[in-house]
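Letter by letter, the chains look like this.
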Amino acid sequence: MSESTAARGPTAPPDKIEPVRLSDAPDEAGRYGVYGGAYVPETLAPALAQLREAYTAARADREFWDDLKSLLKTFVGRATPLYLAQRLTQHARGSGRAGKEATGASIWLKREDMAHTGAHKINNTLGQAMLAMRMGKKRVIAETGAGQHGVATATAAAHFGLACDVYMGAEDARRQRLNVARMRMLGARVIEVETGTRTLKDATNEAMRDWMGSADQTHYILGSVVGPHPFPMIVRDFQSIIGRETMAQSLRLMGRLPECIVACVGGGSNAAGIFFPFLENIKVQLVGVEAGGRGPAMGEHAASLTCGTPGILHGSMSYVLQDEHGQTAPAHSCSAGLDYPGVGPEHSNWKDSGRVRYTTRTDDEALDAFQLLCRTEGIIPALETSHAIAEGVQLASAMPAESNLVICLSGRGDKDVDEVVRLLSMNSTSGGTGIVMPRPTQ
Amino acid sequence: MPGRISTIFENARRENRRCLMPFICAGYPAQASLASIVKAVARGGASAVEIGFPYSDPVADGPVIASAMHDAIGRGVTPASVLEQVKAMRGDIEIGLIAMVSASILHPMGGLSNAPARLVEAGFDALIVPDIPLEESGPLLEGAARAGVEVCMLVGPATGRERATNIAKATTGFVYLLARAGVTGEQGRLDSVDLRVEQLKSVTQAPIAVGFGIATPEQVRQATAKADAAIVGSALVAHLSEAARRGEDVPVAAEALTRVLAGGLNHMGV
């Protein structure tokens, strides 16, 4: 209820019922609509309470944010640029409907790949490492899929002198060898997880198990907007710098806000970060792109929002890929960072509200987009990000010429080069899947 | 009317006995039926048995129980099939039957407030939901009260005194006191829980059962020095797994180990 309504007393009928603003979530209990909450064993409840308390205090502490801001500037290299991708724009315009002159939005890339360590993940890990120290904890742990969050956690740990263990699925460690080496070089211990599907879900299970026995000395730096409250809120807040910068840069470079923002969604941290500041600007269309994998059959994709049902996984209620009994279903994506059967509870709420549209792009479409960006812009994107590029290019091609579309370029793709070479050679030996490298018209 | 679990503990307290509550994973091992194992632990001296519903991502469980659950799921064990088996055996079973089930599995059974009725219908006397802490317990407790099933809530080593009091108040069955932090499974040494049990007893009349890491008769003895019951999970699951691997009779192995562990209850003489 708004203050003005309350002030008129209980007898006066309200002029209109004020909807709960999406940006006011979560409530005290960590709810985003019906989603979220904290479904955790009692062993973790005191650690989460401590984290809530520490974050509430930090949130109100000017010095905390000043320290973080300074670190983001001098250590991470923020603000990251908002870059006008002219040749990608030209390509999208060329692939639009023939005969129509001057169709196609300008495509801008929010360059999170230029943040230190090569992805947006560092925005969160530095903030959480600072929280760890406020709580007097000397060790941090993390789960990682693509290895970007693991590298970012190892980096923050090295910067602050904290001990660091990273859990990583054995299958992901194979796919992302470079990042495993980087983490070790940064002084972290990488623990390969051999249970279950040997990917991000299982790495998360192991990290939570570690934390159940170590919470008194250890902070768990969760890498996405998933997990029990307050993690989804904390991670979103630390990642919202992406959206705040994008907003200021858009006003400066475009003279207004963009018509559309596109981001990939696994757990959903880069998307939450860039979307959140724009939630109340309802003219800005927000599009989240999930991993469509090899197709719509269960087990072939990682599209929790598009194909999943509400359930409980890793401590919160959200859309989950699961069978009718609540058993988590296997997920698949060519990108290890999206290969997760759950998604952040706030995205589930945004989906149900209709504020954000969620869609999917397949492995093959992501591979095409990966190559497209390499050759049109000289930027090697992460395979995760490539899903957003695939969607963004197609959306832009159908938009008016004077409009602007922003793609969150969440990470760089050096880590993916081996895997892309392997996938492309597989595709070519199996008769090809239509991986055609469209050369930009020039 | 007090539930079966409360009655079991009331009788035990009156007779100054302690109770043993083994945990078994439904559908594991494949070589024996759930009913045959439940009956075996009853013969071995169990007062109640916790039946674990296999879940794909049991984060509170260590490798022994997690891999038993994965094995059972892999062979097609579903929550519905567990409920059917319990329903079929209930008439032959005197001891308490407690469902140990994740919120993730309860949620698809019509939501957290409707799921307890499904468990009662099958014949369960109580339920433990290891991933529903006090803050999230509202719908579950409401549904359980409506269905007439007891809810046993957990108190951990880091749970503060005030919080533990609130948890004990919300509990309608026994309080499950975790002997240590971490996940289920044996860890050799068991630290004394006597002080924590006495603190709990000063704020609640509810029975107190101690679990996590109890594997030997001596540890059963130690855990029940002040508490009403000891819970043995991983040690029994591992024992049954080993028996099945050797081609031994699984219910016979279950009964034998239960009897050995129950030997640890006989320390009173007061």
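As shown above, the structure is provided for reference.
If you're wondering where the values come from, they're calculated on a predicted model, not measured in any experiment. (Residues numbered from 1 in each chain as written. Chains lettered and ligands numbered in written order. Predicted model: local features only at pLDDT ≥ 70, side-chain atom pairs only at ≥ 80, totals over all residues. Heavy atoms only, no water.)

What about the overall build of chain B?
So, step 1. For chain B, the helix and strand inventory stands at twelve helices and nine strands.
So, step 2. For 270 residues, the compact-globule estimate of 2.2 N^0.38 gives 18 Å, and the C-alpha radius of gyration of chain B, at 17 Å, lies within 12% of that figure.
So, step 3. Expressed as lengths along the three principal axes of its C-alpha atoms, the size of chain B is roughly 45 × 45 × 35 Å.
So, step 4. Expressed as a percentage of contacts within chain B between residues at least 6 apart in sequence, the contacts between residues at least 24 apart total 73%.
So, step 5. Carbon and sulfur atoms form 52% of the exposed surface of chain B, whose accessible area is close to 10200 Å².
So, step 6. Positive and negative side-chain charges in chain B, numbering 24 and 27 respectively, have mean positions lying 4 Å apart. (Helix = DSSP H or I, 4+ residues; strand = E, 2+ residues; numbered from the N terminus. Rg over C-alpha atoms; globule rule 2.2 N^0.38 Å. Contact = heavy atoms within 4.5 Å. Areas by Shrake-Rupley, 256 points an atom, 1.4 Å probe, with all protein chains shown as cover. Lys, Arg positive; Asp, Glu negative; His and termini not counted. Charge placed at Lys NZ, Arg CZ, Asp CG, Glu CD.)

Details of the sheet that holds strand β5 (residues 150-151) of chain B
All names here are of chain B.
So, step 1. The strand order β5-β4-β3-β2-β1-β9-β8-β7-β6 describes an open sheet built from nine strands, whose pairing is parallel. Strand pairing shows two members of the sheet lacking a second neighbour, β5 and β6 (154-155), which therefore form its edges.
So, step 2. Sheet analysis places β6 next to strand β7 (residues 175-178), joined by two bridges and oriented parallel. Across the sheet, the residue bridging to Val155 is Leu177, located in β7.
So, step 3. Sitting on the sheet, helix α11 (residues 234-245) touches β1 (19-25) and β9 (229-232), and the angle it makes with β1 is about 55 degrees. (Pairing = 2+ DSSP bridges. Axes fitted to C-alpha atoms, helices over the stretch in contact; angles between N-to-C directions.)

Here we look at the packing of α11(B) against helix α12 (residues 250-262) of chain B
All names here are of chain B.
So, step 1. Where α11 contacts α12, the two axes come as close as 9 Å, and the packing angle between them is 145 degrees. Seen from above, α11 lies across α12 with right-handed handedness. On α12, the residues that touch Ala235, Leu236, His239, Leu240, Ala243 and Ala244 of α11 are Val250, Ala253, Ala254 and Leu257.
So, step 2. Its residues placed into classes, the contact of α11 with α12 shows nine nonpolar, one polar and no charged. (Left-handed = near helix turned anticlockwise from the far one by under 90°. Nonpolar A, V, L, I, M, F, W, Y, C, P; charged D, E, K, R; others polar.)

Let's talk about the interface of chain B and chain A
So, step 1. Each side of the interface is counted separately: chain B has 34 residues, and chain A has 28 residues.
So, step 2. Between chain B and chain A the total buried area reaches about 2500 Å² when both faces are included, carbon and sulfur atoms providing 56% of it.
So, step 3. It is B:Asp57, B:Val59 and B:Glu136 in chain B that bury the most area against chain A; as a group they hold 24% of the surface buried on that side.
So, step 4. At the junction of chain B with chain A, the criterion picks out three salt bridges.
So, step 5. B:Arg163 serves as the salt-bridge partner of A:Glu42, at 2.8 Å between the closest nitrogen and oxygen.
So, step 6. Remark: the boundary between chain B and chain A carries 15 residue pairs in polar contact (both at pLDDT 80 or more).
So, step 7. Among the secondary structure elements, those contributing two or more residues to the side of chain B that touches chain A are α3 (63-74), α5 (103-106), β6 and α8 (161-170) of chain B.
So, step 8. Residues belonging to the side of chain B that touches chain A are distributed by class as follows: 22 nonpolar, seven polar and five charged. (Buried area = accessible area lost by both parts, 1.4 Å probe. Salt bridge = Lys/Arg side-chain N within 4 Å of Asp/Glu carboxyl O. Polar contact = N/O pair within 3.5 Å; in protein donor to acceptor, adjacent residues only side chain to side chain.)

Brief notes about unusual backbone geometry
So, step 1. Here the bond from A:Ala25 into A:Pro26 is cis, since omega is 0 degrees, no more than 30 degrees from zero.
So, step 2. In this structure, A:Thr117 is a non-glycine residue whose phi angle is positive, near 80 degrees.
So, step 3. Structurally, A:Thr117 can be placed in the loop between β4 (106-111) and α5 (121-134).
So, step 4. For A:Thr117, a relative accessible area of 9% puts it in the buried group.
So, step 5. A positive phi angle, near 90 degrees, is found at B:Phe212, a position not held by glycine.
So, step 6. With respect to the helices and strands, the residue B:Phe212 is situated in the loop between β8 (208-211) and α10 (217-223). (Buried < 20%, exposed > 50% of the residue type's maximum accessible area, 1.4 Å probe, protein only.)

Focus: the nonpolar core
So, step 1. Residues B:Val38 and B:Ile51 are the most contacted members of the largest nonpolar core, which totals 172 residues.
So, step 2. Apart from residues lying up to four places away in sequence, B:Val38 is in contact with B:Ile24, B:Val49, B:Ile51, B:Met89, B:Ile93, B:Ile95 and B:Leu97.
So, step 3. Among the nonpolar cores identified, the runner-up in size contains 31 residues, and A:Leu109, A:Ala302, A:Leu373 and A:Leu409 belong to it. (Core = buried A, V, L, I, M, F, W, Y, C linked by side-chain atoms within 4.5 Å.)

Quick look at a nonpolar patch on the surface
So, step 1. Judged by side-chain polarity, A:Ile380, A:Val417 and A:Val421 come together as a nonpolar surface patch covering roughly 230 Å² of accessible area.
So, step 2. Assignment of secondary structure puts A:Val417 in helix α17 (residues 417-429). (Patch = residues over 30% accessible without salt bridge, like charges linked within 9 Å, V, L, I, M, F, W, Y side chains within 5 Å.)

So, the side chain of A:Asp172
So, step 1. Along the polypeptide, A:Asp172 turns up in helix α7 (residues 170-175).
So, step 2. When its relative accessible area of 0% is taken as the criterion, A:Asp172 is described as buried.

Section: the layout of surface pockets
Residues and elements named next belong to chain A.
So, step 1. In this structure, the largest pocket spans a volume of roughly 350 Å³.
So, step 2. Lining the largest pocket are 21 residues, and of these Arg294, His332, Cys334, Asp363 and Leu423 lie nearest its centre.
So, step 3. When contributions to the lining of the largest pocket are tallied by element, the ones reaching two or more residues are α7, α15 (363-377) and α17.
So, step 4. Residue contributions to the lining of the largest pocket peak at five residues, all from α17.
So, step 5. Its residues placed into classes, the lining of the largest pocket shows five nonpolar, seven polar and nine charged. (1 Å grid on protein atoms, 1.4 Å probe; cavity = no way out; pocket = protein on both sides within 12 Å on 5 of 7 lines; lining within 4 Å. Points joined across faces, edges and corners; volume = space filled by probe spheres on them.)

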